[in-house]
Amino acid sequence: MAHAGFACEAPPDVDTDDCLPEYSYIFQPDILKGKVAFVTGGGSGIGFRITEILMRHGCQCVIASRNLERLTEAAKKLSAATGQRCLPISLDVRQPQSISAAVDEALREFEKIDILVNNAAGNFLCPASSLSFNGYKTVIEIDTLGTFNVSKVLYEKYLRENGGVIVNITATLSYRGQVFQMHAGTAKAAVEAMTKHLAVEWGPQRIRVISVAPGPISGTEGYRRLVPPNLESSHYFQNIPLQRTGNKTEIAQSVLYLVSPLASYVTGTTLVVDGGQWMTLENSFPSLLGIAKL
């Protein structure tokens, strides 16, 4: 008999940037055997867990961000837990030359890249009236331009001739307008538009392009910075239809589905993984005023 809570019960996860102590396979363990994934921001948070789950299903991975020390430590953990190869490469998604060098290195090592996960992002809470010109520009450069830059480089160097899947990690911030998130909301809205355009243009090259929009996900830097501590114990989670926060494994398993053969006809759309939160979220001015000045 099925478990009563299976339909919406959270899978096991750990809050730290460590691999899961055990993992139950719902999909076939070798569903990604022979595939190679390139994950930006793969050394921590959601990116780390996405990489781990892909590797547990037979995928070899490249994790890329600016912090090579963190990436190297993460790659050791990931390889030890999964038995797959994981290559750490330093890059800055804002600099096309840096991306080009990183992709060249990845292709020398693995000879192919089938999957791109654009996960690198920057965010902080700030009212639009207090947002500096440079602060807004930086978020756009990392989230929007960074997603385009990496996608374009990988398209030219491999995907155009060989096909593949691009998954962009976005957010639900722009769906109704949200306090203190104008910068990230506009950046992610642009990425969702980009997803649609690229899916249409690159579909004939057998490239699928999809977005995943997480809600509040525990064990991430974004959660620590964007969910005020006083909301943890309040009715905040009661306002989420599923009555709880999400976890990194849930985002990773959503990405696993999208890059697998099970999603072979899915492109140009966004999978929202937020427990229904964007529809019911309060724009909680009183709660947030303590951590951001108007």
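Thresholds applied
Residues numbered from 1 in each chain as written. Predicted model: local features only at pLDDT ≥ 70, side-chain atom pairs only at ≥ 80, totals over all residues. Heavy atoms only, no water. UniProt positions renumbered as here; feature names shortened; annotations may be inferred. Helix = DSSP H or I, 4+ residues; strand = E, 2+ residues; numbered from the N terminus. Rg over C-alpha atoms; globule rule 2.2 N^0.38 Å. Buried < 20%, exposed > 50% of the residue type's maximum accessible area, 1.4 Å probe, protein only. Contact = heavy atoms within 4.5 Å. Phe/Tyr/Trp six-rings, centres within 6.5 Å; stacked < 30°, edge-to-face > 60°. Axes fitted to C-alpha atoms, helices over the stretch in contact; angles between N-to-C directions. Parallel < 35°, antiparallel > 145°, perpendicular 65-115°, else oblique. Left-handed = near helix turned anticlockwise from the far one by under 90°. Nonpolar A, V, L, I, M, F, W, Y, C, P; charged D, E, K, R; others polar. Salt bridge = Lys/Arg side-chain N within 4 Å of Asp/Glu carboxyl O. Pairing = 2+ DSSP bridges.

For the protein chain, an unreviewed UniProt entry supplies the name Peroxisomal 2,4-dienoyl-CoA reductase [(3E)-enoyl-CoA-producing] and the organism Micrurus fulvius. Looking at the Subunit (unreviewed entry) heading of the UniProt record, one finds this comment for the protein chain: "Monomer, dimer and oligomer." The heading Subcellular location (unreviewed entry) in the UniProt record of the protein chain holds the text "Peroxisome".

Run through the overall build of the protein chain, naming residues and quoting values.
Within the protein chain one finds 10 helices and 9 strands. For 294 residues, the compact-globule estimate of 2.2 N^0.38 gives 19 Å, and the protein chain sits close to it at 18 Å. Expressed as a percentage of the 294 residues in the protein chain, the buried residues total 51%. Taking as baseline every contact in the protein chain between residues at least 6 positions apart, the subset at least 24 positions apart corresponds to 79%.

Kindly report on the packing of aromatic side chains, identifying the contributing residues and their values.
Enumeration according to the criterion identifies 3 aromatic pairs in this entry. Note on Tyr 155 and Trp 202: the rings are 4.0 Å apart at their centroids and 10 degrees apart in plane angle, and the pair reads as stacked. Of the two residues, Tyr 155 is situated in helix H4 (residues 133-162) and Trp 202 in helix H5 (residues 182-202); the sequence distance between them amounts to 47 residues. Take Trp 202: its relative accessible area is 7%, and that puts it in the buried class. Measuring from ring centre to ring centre gives 5.2 Å for Tyr 175 and Trp 278, while their planes differ by 90 degrees; the resulting arrangement is edge-to-face. Taken together, the positions of Tyr 175 in the loop between strand S5 (164-169) and H5 and Trp 278 in helix H9 (residues 277-280) put the pair 103 residues apart, joining distant regions of the chain. With relative accessibility at 27%, the residue Tyr 175 sits in the partly exposed group. We classify Trp 278 as partly exposed; its relative accessible area is 29%.

Residue-level account of the packing of helix H1 (residues 45-56) against helix H8 (residues 248-259), with values.
H8 packs onto H1 with a crossing angle of 50 degrees between their chain directions and a minimal axis gap of 8 Å. Here H1 lies oblique to H8, going by the angle between them. The handedness of the crossing between H1 and H8 comes out as right-handed. Contacts from Gly 45, Ile 46, Arg 49, Ile 50, Ile 53 and Leu 54 of H1 reach H8 at Lys 248, Thr 249, Ile 251, Ala 252, Val 255, Leu 256 and Val 259. Along the lines of polarity and charge, the residues of the contact of H1 with H8 split into 9 nonpolar, 2 polar and 2 charged.

Give a description of the pattern of salt bridges that names residues and reports values.
Throughout the structure, instances matching the rule amount to 13 salt bridges. The partner of Asp 92 in a salt bridge is Arg 94, with the nearest N and O atoms 3.1 Å apart. On the basis of relative accessible area, Arg 94 is assigned to the partly exposed category, the value being 28%. Across the pair Lys 112 and Asp 114 runs a salt bridge whose closest N-O atoms are separated by 3.4 Å. You can call Lys 112 partly exposed: its relative accessible area is 23%. Connected via shared salt-bridge partners are Asp 13, Arg 49, Glu 52 and Arg 56.

Just give me the short version of the packing of helix H3 (residues 96-110) against H4, but keep the residues and values in it.
Orientation of H3 relative to H4, taken along the N-to-C sense of each, is 45 degrees, at an axis distance of 10 Å. With respect to their mutual orientation, H3 and H4 come out oblique. The hand of the H3/H4 crossing is right-handed. In this structure, H3 contributes Pro 96, Ile 99, Ser 100, Val 103, Asp 104 and Leu 107 to the contact, and H4 contributes Asn 149, Val 150, Val 153, Leu 154, Lys 157 and Tyr 158. In the contact of H3 with H4, the residues fall into 8 nonpolar, 2 polar and 2 charged.

An account of the sheet that holds S5 is requested, with residue identities and associated values reported.
Where strands meet in a sheet, backbone hydrogen bonds hold them as pairs that are either parallel or antiparallel. Spatial strand order, S3-S2-S1-S4-S5-S6-S9: 7 strands in an open sheet with parallel pairing. Across the chains shown, the open sheet's two edge strands, defined by having one partner strand only, are strand S3 (86-90) and strand S9 (270-273). Neighbour-to-neighbour, the strand axes of this sheet turn through a mean angle of 20 degrees, independent of strand direction. Sheet strands touched by helix H2 (residues 68-82): strand S2 (60-65) and S3. Its angle to S3, the strand with the most contacts, is close to 175 degrees. Running over the sheet, H5 touches S5, strand S6 (207-214) and S9 and is turned about 160 degrees from S6.

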